[in-house]
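What follows is the residue order along each chain.
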Amino acid sequence: MSEGSRIRLYRPRANLADFGFMFNVKIDGIDVGTLGPKQSKIFELPPGQHVLRLLSWPGRGSGDRPLIVGPGEMKEFYCFTNAFGLVSIRPPRAKDLARLKRLGVVPAEGAP
């Protein structure tokens, strides 16, 4: 039996462009949950190639974000909207993690 894989999604507080809407999280075209402002969530998935997509409100969503996760691996993504309300997904930068830590979104060291 192979080890499961995970992705952790981080989202900062809402801005005026996204009105604080929840992001609907889709992995491989399947709704797997939501991500609200100032939240961090972990989603489990089998190892291999997957497609991540976030949708905010009709007509507003990220593009497909292909990703590959190995057995037991966790990938992390920073999820946000720009000034025009367009949803973006990217690996977190050091300044993103510092901002999220100030907001209390980043889990403590060693937390899953």
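Residues numbered from 1 in each chain as written. Predicted model: local features only at pLDDT ≥ 70, side-chain atom pairs only at ≥ 80, totals over all residues. Heavy atoms only, no water.

> For this particular structure, what's the right way to read unusual backbone geometry?
Excluding glycine, a negative phi dihedral is what most residues carry, and trans is how most peptide bonds are arranged. We note that D28 has phi near 55°; this positive angle belongs to a residue other than glycine. With respect to the secondary-structure elements, D28 resides in the loop between β2 (23-27) and β3 (30-35). For D28, a relative accessible area of 39% puts it in the partly exposed group. Look at K38: it is not a glycine, yet its phi comes out positive at around 60°. Summarising the element assignment, K38 is placed in the loop between β3 and β4 (39-45). (Helix = DSSP H or I, 4+ residues; strand = E, 2+ residues; numbered from the N terminus. Buried < 20%, exposed > 50% of the residue type's maximum accessible area, 1.4 Å probe, protein only.)

> Is there a simple way to explain the sheet that holds strand β8 (residues 87-90) in this structure?
Within a sheet, each strand pairs with its neighbour through backbone hydrogen bonds, oriented either parallel or antiparallel. The strand order across the open sheet formed by 4 strands is β4-β1-β7-β8, and the pairing between neighbours is mixed. In the strand order of this sheet, the two ends are held by β4 and β8, each with one partner. Shown here is a sheet whose adjacent strand axes are inclined to one another by a mean of 25°, direction ignored. As paired strands, strand β1 (residues 5-11) and strand β7 (residues 74-81) are joined by 5 bridges and run parallel to one another. Across the sheet, the residue bridging to I7 is K75, located in β7. (Pairing = 2+ DSSP bridges. Axes fitted to C-alpha atoms, helices over the stretch in contact; angles between N-to-C directions.)

> Mind showing me how you'd approach the confidence of the model for the protein chain here?
Interpretation of this model should avoid reading the predicted coordinates in detail wherever pLDDT is low. Model confidence for the protein chain is summarised by a mean pLDDT of 84, while 84% of its residues fall at 70 or above. Across the protein chain, element-level confidence peaks in strand β6 (residues 65-69) with a mean pLDDT of 96 and bottoms out in helix α1 (residues 94-103) with 83. Across residues 108-112, confidence stays below pLDDT 50; counting only partners more than four residues off in sequence or on other chains, it has 5 contacts. (pLDDT = per-residue confidence, 0-100. Contact = heavy atoms within 4.5 Å.)

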